[in-house]
Each structure stands twice: as C-alpha cells, then as structure tokens.
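Chain residues, written in single-letter form:
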Amino acid sequence: MAVSQVSNTQSTVVLTPRYWVPIGVAIAGTILTFLTPWAGVPIILLGCFLGFQAATVKVQFTATAFELYRGEKQLRQFPFADWQDWLILLPPVPILFFFKEVKSIHFMPMLFDARALLTCLEERCPRS
C-alpha cells in the first residue's frame, strides 16, 4: 500500500504514515505537564489528535494532484496546476509542509514520509 520510492510520474504514490511528530508533541506535552499542567494537557491532546490523523488520513500523489483521503473517501484534492510554491520547513528535522495555491496557502504537519514527499514534489511539481 505505501510506497517510499517514486519511479514514474504517471503512477499513484501513497505516502507512508510517520508517527514521530505526534509522539514528539505528546512527549513535549508530558514534560510540560510536570511544569504547568494547564499548558501541558492541551499539548498532549494535540499529540493524540495528530497521531489519530496520521493513522487515518492517507496522502497520495497522482499524475496531476496531491490528494487527501480518510479511508476511501476523498477529503481534498490539490491540483498541481494551481500550485505556486511549496516548502518543507526545517528539512533536517521535517515537522511542517507548506504549499501555496493560487487562492490559498496550506500548512500540514509532517505525518508522512518526508523523503517520499520531497521526491514526489520534485518530480510532479518542480520549483521554478
């Protein structure tokens, strides 16, 4: 189901989920709870929410679009023709993915394989 390498821009690629960002957020929340519980508990809940999203949302690349699914239901489709720019923030430790479309901008936590994401973006939506 999950593909970590891309060999053809016409194939559909499903990115492997990664759980280190949700786990890191939950650990940070746990540590913060010992210092200030009112601030730590919401951070732990955010980590749990991100873990749920990583487990249930599927990210896939087609030849023409970046798509998000929950199960078999498509949540959103972002056609590459509408993209103006994209960026993986903090590439050595990727935690956030940014892309700009003609009418909007999007930030996504890095809940999937960053290397496969970068490979797909460079092949299907190269930066100018």
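Structure shown above.
The structure displayed is predicted, hence computed values, not measured ones.

Caption draft 1: Broad picture of the nonpolar core. If you look at the biggest cluster of nonpolar residues, it comprises 27 residues, and the most contacted ones within it are L15, F61, F66, W83, F97, F112 and L117. Listing elements by their share of this core, those giving two or more residues are helix 1 (20-35), helix 2 (37-56), strand 2 (57-61), strand 3 (65-70), strand 5 (83-89), strand 6 (96-101) and helix 3 (114-124). By residue number, the principal contributor to this core is helix 3, which donates five residues. The contact partners of W83, leaving out residues within four places of it in the chain, are F66, F78, F97, F99, K100, E101, L121 and C125.

Caption draft 2: Representation of the sheet that holds strand 3 within the structure. With antiparallel pairing, four strands are arranged side by side in an open sheet as 1-2-3-4. Single-partner strands in this sheet number two, and they are strand 1 (13-14) and strand 4 (73-79). Judged from the two bridges that link them, strand 1 and strand 2 form a sheet pairing that is antiparallel. Looking at the pairing, V13 lines up with F61 of strand 2. Here helix 2 sits on the sheet in contact with strand 2 and strand 3, set at roughly 50° to strand 2. Contacts from helix 3 reach strand 1, strand 2 and strand 3 within the one sheet, and its direction differs from that of strand 2 by about 35°.

About the thresholds
- Residues numbered from 1 in each chain as written.
- Predicted model: local features only at pLDDT ≥ 70, side-chain atom pairs only at ≥ 80, totals over all residues.
- Heavy atoms only, no water.
- Core = buried A, V, L, I, M, F, W, Y, C linked by side-chain atoms within 4.5 Å.
- Buried < 20%, exposed > 50% of the residue type's maximum accessible area, 1.4 Å probe, protein only.
- Helix = DSSP H or I, 4+ residues; strand = E, 2+ residues; numbered from the N terminus.
- Contact = heavy atoms within 4.5 Å.
- Pairing = 2+ DSSP bridges.
- Axes fitted to C-alpha atoms, helices over the stretch in contact; angles between N-to-C directions.

Structural measurements only, silent on function.
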